[in-house]
Amino acid sequence: MSGPKEAANQPAPSLAFCEILEQEYEAITGIKPDEPPAVEFTPEQILDPERLQERLKDGPDRASRGMRALEVQGTVVQPTAADVANDREALKRSLTARLNKLLDTKDLYERDGSRPFRGVRFRSQTLDRLSEPTPERNRLILEDTFPEVEKLHDIRLKRMFARIHREKFAALCLSGGGIRSATFGLGVIQGLARHDLLDKFDFLSTVSGGGYIGGWLTAWIHHTNLAQVIGQLQLSSQRPLEPEPEPIWHLRDYSNYLSPKLGLLSADTWTLVATYLRNLFLSWLVLIPPVVGVLTIPLLLTLVLRWAPEDWLSLQAGIGGLLAVAALVCSILTVRYVHANRPISRDGTEGIGLDDQKRDQRAFLRQCLAPLVFAALGGTICWAWAAPHAGDLPLSGRLWMLFILIGTSVHLGGWSLAIRRWNDEGGWEFIRRLVKEGLFTGIIGGGAGGLAWVAASRTLPLLDRSHGPEIYASIAVPCLLILILIFSHIYIGFSSGPKGRQVDAEREWSARFSAWLLIVVVAWLVGFGLVLLGPWLSQYLRANGDRVLLAAKWVGGALGTISGVVTLRAGHGAGTPAKANGAGAGAPMTLALALAAPTFVGFLIVVLGWAGSALVGGALELAPQILALVERGWSHLAPGSMTPTLASFHPGSGAA
């Protein structure tokens, strides 16, 4: 048990919206809200008894199967009267009785063994109480698991809405829009005060510029009182040069609050400039080093790809073997996740026969996408190391067989780990599904492996070029992910055939899986391309500026001529709609503004990537000198003790 100190350090449970409204209502009116409804279920709270009955009897989802394991199916088989099937109220009473028995079940949810509730999206209020085996906790769990029952929080919210509507509360809402909206809001407030309406509002809601004037009004009321504020807003100050009350005059005088007095020699102006420069410098100091660190990842990857030790068989082959095993394991886990979590229809419909694990996006990114990207990266590194020694490898003339074997093993291995998902089908149906999908999964894996070999065999000349490792680092992983995407579409086509069991939920899941792969592919190509190839492209343009400029002129002229012909032809066509009031005249400027931000970001990435490249190059140049200094220092302090170890870092230094 946790002591008082541990309990005091724990965060307070999150409040539901109904609880927040109840507290605000009591604070404003002084009237306590209605007592919360009892935690026990009532027949009126069973919103859809027929669907709840179907789920508890034949539902394929984990929660329904878990409830059947707790004998909740008695809710549908317990009534014996002949008219129960047609008596909706009797069914509600039966379901209510059995659900209420679950409220006192202390082991309804166990943090380590809660398989029936995996995939259920719990509210924050439920998550805060999962460790408390109480009827309130169990009620929240059952409400989140079965939307066919009404939530207690919804009942309280309906009651609160009804009471608020009876009280006829009013709110003054001031929208945003900078100083203009604040000025408009000030006029509205003055008009409401002069018509004796300002004190009729119970709430004040503001945003942006409305928040500026709302904060001013709230501060004025806080320093005086509402009646005095209304009185001053209604009357003038009786001063011809300052007809408004002093708070309003002060507000107007300092409407330019960032720099009240503008001017070249104004301290306010230079304070604003100094503040801007200080904040900009501090922001860059926080943001630029991590960005440069991230942008050095492509540079470090090229160094890894270029690494070619003399004794590659004992050093590089050992590290590459471990990396290959890790990549293989990650690939299998990725395939297992896909087959274990994609929605599956037991009866070919979207109804209760749909088995949807409903894993959240965070779980997908952590357990599927991240291992997949790591596997692709590890595989490309291993091939870059092994490609120069392909002739020395076993089965050097039959490496294509190894690629096919790896692809088949990965897909069958991951698929076999998810087989237990279909164990409840039983009999010949399970065997037929096992053979059919297992065979096609193996074929898909073998085809992917064979196509990967075709792509890998084309990279051998690329790695020997001067900028080959940079190009390989930029395109290898995206190409492998695109290959995976292609064969995933082939699998979708197979399972969506005339006798396929795929439904819209599964196709949507597959589409989102493809979307994340495309996000990684585009981000990789753009990021690695700008960092690795951007500086090289800029050097090429400086060295061949005249030829590039001439080619750009020819291409630009050709495009201009073609666009002019198309515009002339379209302008004379009857099907071209006219644009009134010069609409579309700002299209070039709009396009320029739309391209300005991406262009600047790309330029910034190239510059920061160049800075990271300079830092890495400088570190590599200084490393031997630093090691030499350390060697001399250690040899002076302890002759013969550390020199051989440090000398082993320098090829040709004479160390054994």
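The structure presented is a predicted model; accordingly, all values stated were derived computationally and were not measured.

Conventions used here
- Residues numbered from 1 in each chain as written.
- Predicted model: local features only at pLDDT ≥ 70, side-chain atom pairs only at ≥ 80, totals over all residues.
- Heavy atoms only, no water.
- Helix = DSSP H or I, 4+ residues; strand = E, 2+ residues; numbered from the N terminus.
- Buried < 20%, exposed > 50% of the residue type's maximum accessible area, 1.4 Å probe, protein only.
- Contact = heavy atoms within 4.5 Å.
- Phe/Tyr/Trp six-rings, centres within 6.5 Å; stacked < 30°, edge-to-face > 60°.
- Patch = residues over 30% accessible without salt bridge, like charges linked within 9 Å, V, L, I, M, F, W, Y side chains within 5 Å.
- Areas by Shrake-Rupley, 256 points an atom, 1.4 Å probe, with all protein chains shown as cover.
- Salt bridge = Lys/Arg side-chain N within 4 Å of Asp/Glu carboxyl O.
- Polar contact = N/O pair within 3.5 Å; in protein donor to acceptor, adjacent residues only side chain to side chain.
- Lys, Arg positive; Asp, Glu negative; His and termini not counted.
- Charge placed at Lys NZ, Arg CZ, Asp CG, Glu CD.
- Pairing = 2+ DSSP bridges.
- Core = buried A, V, L, I, M, F, W, Y, C linked by side-chain atoms within 4.5 Å.
- Right-handed = clockwise from strand over helix to strand, strands pointing away.
- Arc of directions from axis to C-beta.
- Axes fitted to C-alpha atoms, helices over the stretch in contact; angles between N-to-C directions.
- Parallel < 35°, antiparallel > 145°, perpendicular 65-115°, else oblique.
- Left-handed = near helix turned anticlockwise from the far one by under 90°.
- Nonpolar A, V, L, I, M, F, W, Y, C, P; charged D, E, K, R; others polar.

(A) Highlighting the side chain of Ser 514. Within the element layout of this structure, Ser 514 appears in helix 21 (residues 504-543). Its relative accessible area of 6% is what places Ser 514 among the buried residues. Those residues within four positions of Ser 514 in sequence are excluded, and the remaining contacts are Leu 485 and His 489.

(B) Region of interest: the packing of aromatic side chains. Under the criterion given, the structure shown has 13 aromatic pairs. On the basis of an interplanar angle of 70° and a centroid distance of 5.5 Å, the ring pair of Trp 307 and Trp 385 is categorised as edge-to-face. Taken as a pair, Trp 307 in the loop between helix 14 (267-306) and helix 15 (316-341) and Trp 385 in helix 16 (residues 361-386) lie far apart in primary sequence, 78 residues in all. Using a relative accessible area of 32% as the deciding quantity, one classes Trp 307 as partly exposed. A relative accessible area of 8% means that Trp 385 is categorised as buried. Both rings, one in Phe 440 and one in Tyr 491, keep their centres 6.2 Å apart while their planes meet at 40°; by these two values the pair is tilted. Note that Phe 440 is positioned in helix 18 (residues 427-457) and Tyr 491 in helix 20 (residues 468-495), a separation of 51 residues in sequence. Like Phe 440, the residue Tyr 491 is buried in the burial classification. Members of the aromatic cluster, joined through ring pairs, are Tyr 337, Phe 364, Trp 509 and Phe 513.

(C) Spotlight on a nonpolar patch on the surface. A contiguous nonpolar surface patch, about 740 Å² in accessible area, is contributed by Leu 264, Leu 265, Trp 270, Val 273, Tyr 276 and Leu 277. With respect to the element layout, Leu 264 can be found in the loop between helix 13 (246-253) and helix 14.

(D) Local environment of the side chain of Glu 470. Of note, Glu 470 is situated in helix 20. Note on Glu 470: relative accessible area 13%, which makes it buried. Side chain to side chain, Glu 470 and Arg 306 meet in a polar contact 2.9 Å long. Glu 470 has contacts with Thr 302, Arg 306, Leu 532 and Leu 533, leaving out every residue within four places of it along the chain.

(E) Summary view of a negative patch on the surface. A cluster of acidic residues, Glu 40, Asp 104, Asp 128, Glu 132 and Glu 136, forms a negative patch on the protein surface. Structurally, Glu 40 is set in the loop between helix 2 (17-29) and helix 3 (49-58).

(F) The arrangement of the pairing of strand 2 (residues 203-206) in detail. Here strand 1 (residues 171-174) runs beside strand 2; their pairing, made up of 4 bridges, is parallel. Directly across from Ala 171, in strand 2, lies its bridge partner Phe 203.

(G) Geometry of the nonpolar core. The biggest cluster of nonpolar side chains holds 50 residues, and the ones touching the most others in it are Tyr 472, Leu 481 and Phe 513. Breaking this core down by element, the ones donating at least two residues are helix 14, helix 15, helix 16, helix 17 (399-417), helix 18, helix 19 (460-463), helix 20 and helix 21. The biggest single contributor to this core is helix 16, with 12 residues. Not counting residues within four places of it along the chain, the set of residues in contact with Tyr 472 comprises Leu 305, Thr 380, Trp 383, Ala 384, Thr 459, Leu 462 and Leu 463. By size, the runner-up hydrophobic cluster in this structure holds 19 residues, among which are Phe 117, Phe 122, Ile 141 and Leu 142.

(H) Broad picture of the pairing of strand 1. Side chains Leu 172 and Leu 174 of strand 1 all project onto a buried face; the interleaved residues Ala 171 and Cys 173 project onto a face where none is buried. Each parallel crossover has a hand, and for strand 1 linked through helix 10 (residues 178-194) to strand 2 it is right-handed.

(I) Structural view of helix 13. Taken together, the buried positions of helix 13 are occupied by Pro 247, Ile 248 and Leu 251. An end-on view of helix 13 places all buried positions within 95° of arc, on one side of the element. Where helix 13 is buried, its residues contact helix 10, helix 11 (209-223) and helix 12 (226-234).

(J) Spotlight on the packing of helix 11 against helix 12. With their axes 7 Å apart at the nearest point, helix 11 and helix 12 run at an angle of 120° to one another. Taken together, the axes of helix 11 and helix 12 lie oblique to each other. Helix 12 is crossed by helix 11, and the crossing has right-handed handedness. Each of Leu 217, Trp 220 and Ile 221 in helix 11 lies in contact with helix 12, whose residues at this interface are Leu 226, Val 229, Gln 232 and Leu 233. Its residues assigned to classes, the contact of helix 11 with helix 12 comprises 6 nonpolar, 1 polar and no charged.

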